[in-house]
Amino acid sequence: MSSRLYNWLDARLDLKPVQRTLLDEPIPGGASWIYVFGSVTLFLFVLQAATGMFLALYYAPTPDHAYDSVRFIETDIFLGWMVRGLHHWGASAMVVAIGLHMLQTFLYGAYKAPREVMWMVGVCLFLIVMTFAFTGYLLPWDQTAYWATQIGINMVGTVPLIGDIASRVLRGGEILGALTLSRFFAIHVLFLPAILLTGIAVHLFVLRRVGPAGPWTDDRASLGAETFAPRQVYMDAVVIAGVFLVVAALAWSIPLPLTDKANPSDTSFVPVPEWYFLFYYELLKYVHGPLEPLATWVLPLCVILVMLFWPFIDRNPVRNPIRRPVALGSGLLFLLVVFGLLGISIRNLYAVPRADPAVARGRTVYAQLGCVGCHRIHGEGGAVAPDLSTVGDTRPDREWHLKHFRDPQSVSPGSFMPKFPLTDRQLNDLTSYMLSLKRAT
Ligand code: HEC
């Protein structure tokens, strides 16, 4: 800003104290590249807000129009695909940035007294961002969106006492439909931004009251302090520019998937969640039956509570990570489990051919032979025979199905399931379809 304009404004608005508050915040030990993640996260939030506003110009939150409006943005609007790409990859980048920001805070012991409140507000901000991700995922109203959300809401339904009401409130009724979509849209673009902005304001307010933690050295008296401007501003700006270039390059070069339009009756669709929820989907595969609530809500709730109250669990005032083996060990173990599960999940995803044509043919045979008259899949069909929604998990054996289809009574004595005259190909396709009916992968 030219100094004459600045002086003119300053004479009227008294800007110098504002500048001092914004830029002269002392950083103990001086500026550092390791302190940039908070600013990067804030920048990504601004990017999400800006791209989101432009997407909202064209997006229509109804089941009839949502999918087509996203396709329209993708194909007909000038640079619409780029804006959608920025919003998509920006969300991923935000999860990474928050993750690194929390990791740095954890490593430096910066959550310790007097900064407990700041950590707790930070954990809430993280949870809000994950809620953004969850609600945004439904909006394109494609098959992945629909079925992934279905699973998410069903999980909420497993919480005792409040689960049933909570899942109905989330859906806006008994089924995932028009009310759910407008509800998720309103939460995504109105409620959450308001809550997140308030949270960020509190987070920064607390930061200004307690000051940045600085290095972990015990000899704090020896630390000089440096103001936020200009060196920390410069470092933040450099990394922010770099992050923007990476997000833009991803948006530019990787076309975004849009699967078929959501089809509530196509129950064979197996959704794949975003990469940052994958580790959790993997975990869900290992727990069935009576243990299921453990994974759907007990464990997540415990992890969230431990994270939230961590500053009161780890009361050791020492900040140097080398002298905090227990805290460091628990953090490391947590990361190992999360990334281990993520690794396994990614390996499985690429090992299994995603769209096996035999499965699609099998689904047709299933419809033609009227299996639906006795069996139910994801709520559709008769109830006189076993529900087949997850028969791929409960009966994973191909041979069993082949034998059962050839002669139901040979494996289930007394079964009244008819012996269908099937060609070998029909038999194989039907079995492939049965094996594909699994819980979410
Ligand atoms: C007249 C009702 C009826 C029809 C029609 C019918 N089933 Fe069944 N099905 C049953 C009954 C009863 C059982 C339980 C006894 C058994 O295992 O045979 C069963 C069991 C099964 C099982 C084993 C489920 C489990 O968890 O043990 C599979 C798989 C199956 N049916 C698939 C099919 C397919 C595919 C079709 C269409 C080609 C079909 N059924 C048509 C009545 C029916």
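Here the structure is a predicted model, which means the values were calculated and not measured.

Draft legend 1. A look at the packing of helix α3 (residues 37-58) against helix α10 (residues 231-253). Direction vectors running N to C along α3 and α10 enclose 45°, while the axes themselves pass 9 Å from each other. Judged by the angle between their axes, α3 and α10 are oblique. Here α3 runs over α10; the crossing is right-handed. Counting all contacts with α3, which are made through S39, V40, F43, L44 and L47, the residues of α10 involved are D236, V239, I240, V243, F244 and V247. Across the contact of α3 with α10, the residue classes break down as 9 nonpolar, 1 polar and 1 charged.

Draft legend 2. Seen up close, the coordination of the iron atom of the ligand. Protein ligation of the iron atom of the ligand involves H375 (NE2) and M417 (SD), the donor distances falling in the range 1.9 to 2.0 Å. One can describe the site at the iron atom of the ligand as octahedral: its 6 donor atoms subtend angles covering 86 to 177° at the metal. Of this pair, H375 sits in the loop between α15 (357-368) and β3 (376-377) while M417 is found in the loop between α18 (408-411) and α19 (424-436), placing the two residues 42 residues apart along the sequence. Take H375 and M417: they sit in the same class, and that class is buried.

Draft legend 3. Broad picture of the domain arrangement of the protein. Entries for the protein in the domain assignment read domain 1 (22-351) and domain 2 (357-436). Relative placement of domain 1 and domain 2: their C-alpha centres are 40 Å apart. Domain 1 puts 5 residues into the contact, and the matching count from domain 2 is 6 residues. Summing the contributions of domain 1 and of domain 2, the shared interface buries around 490 Å²; its carbon and sulfur component is 50%. Contact with domain 2 buries surface across domain 1, with S265, T267 and S268 losing the most and accounting together for 72% of the total. Our count for the contact surface shared by domain 1 and domain 2 stands at 0 salt bridges. Linking domain 1 to domain 2 there are 0 residue pairs in polar contact (both at pLDDT 80 or more). Taken together, the residues that form the side of domain 1 that touches domain 2 break down as 1 nonpolar, 3 polar and 1 charged.

Draft legend 4. The arrangement of the nonpolar core in detail. Counting residues in each nonpolar core, the largest one holds 43 residues, and the members touching the most others are V40, L44, M102, L196 and V247. Going through the elements one at a time, α3, α5 (80-107), α6 (116-138), α9 (178-210), α10 and α12 (292-308) are the ones with two or more residues in this core. Ignoring anything within four residues of it in the chain, the contact list for L196 reads F45, L125, I128, V129 and F132. Among the nonpolar cores identified, the runner-up in size contains 16 residues, and V359, V365, L388 and V391 belong to it.

The rules we used
Residues numbered from 1 in each chain as written. Predicted model: local features only at pLDDT ≥ 70, side-chain atom pairs only at ≥ 80, totals over all residues. Heavy atoms only, no water. Axes fitted to C-alpha atoms, helices over the stretch in contact; angles between N-to-C directions. Helix = DSSP H or I, 4+ residues; strand = E, 2+ residues; numbered from the N terminus. Parallel < 35°, antiparallel > 145°, perpendicular 65-115°, else oblique. Left-handed = near helix turned anticlockwise from the far one by under 90°. Contact = heavy atoms within 4.5 Å. Nonpolar A, V, L, I, M, F, W, Y, C, P; charged D, E, K, R; others polar. Donors = N, O, S within 2.8 Å, 3.2 Å for Na, K, Ca; no water. Tetrahedral: all angles 85-135°; square planar, octahedral: opposite > 155°, others 65-115°. Buried < 20%, exposed > 50% of the residue type's maximum accessible area, 1.4 Å probe, protein only. Domains from an automatic or database assignment. Buried area = accessible area lost by both parts, 1.4 Å probe. Salt bridge = Lys/Arg side-chain N within 4 Å of Asp/Glu carboxyl O. Polar contact = N/O pair within 3.5 Å; in protein donor to acceptor, adjacent residues only side chain to side chain. Core = buried A, V, L, I, M, F, W, Y, C linked by side-chain atoms within 4.5 Å.

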